Amino acid sequence: MSSSGLTVPADVFVPAGTYAPGMLLANETFRKFTPRMILNYQVSPELMLYASWAKGINPPQFYRNP
């Protein structure tokens, strides 16, 4: 990005075009709660147990609310 703005050649995430410096290109409000839990337990100096659990959702560009 230069001081004269940003040129987007293809409309993958935002419409193609030239944008002024500091212009807001995208805005999204997220209302989903995504819980995550990580447990670490050091059994001995040579052995550590690790467990991870998470609930995910589809990213906004793929998520379509029917």
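Figured I'd write up the structure that's included with this text. (Residues numbered from 1 in each chain as written. Predicted model: local features only at pLDDT ≥ 70, side-chain atom pairs only at ≥ 80, totals over all residues. Heavy atoms only, no water.)

1. A short note on the pairing of strand S4 (residues 47-54)
Remember that side chains alternate between the two faces of the sheet whenever the strand is regular.
Reasoning step 1: Bridge count for strand S3 (residues 36-44) against S4 is eight bridges, and the pairing is antiparallel. Across the sheet, residue Asn-40 finds its bridge partner in S4, namely Tyr-50.
Reasoning step 2: Linking S3 back to S4 in an antiparallel pair, the connection comprises two residues. (Pairing = 2+ DSSP bridges. Helix = DSSP H or I, 4+ residues; strand = E, 2+ residues; numbered from the N terminus.)

2. Description of a nonpolar patch on the surface
Reasoning step 1: A cluster of nonpolar residues, Tyr-41, Val-43, Leu-47 and Leu-49, forms a patch on the protein surface that exposes about 390 Å² of accessible area.
Reasoning step 2: Elements represented by at least two residues in the nonpolar patch include exactly S3 and S4.
Reasoning step 3: Along the chain, Leu-49 turns up in strand S4.
Reasoning step 4: Its relative accessible area of 47% is what places Leu-49 among the partly exposed residues. (Patch = residues over 30% accessible without salt bridge, like charges linked within 9 Å, V, L, I, M, F, W, Y side chains within 5 Å. Areas by Shrake-Rupley, 256 points an atom, 1.4 Å probe, with all protein chains shown as cover. Salt bridge = Lys/Arg side-chain N within 4 Å of Asp/Glu carboxyl O. Buried < 20%, exposed > 50% of the residue type's maximum accessible area, 1.4 Å probe, protein only.)

Geometry only, nothing functional implied.
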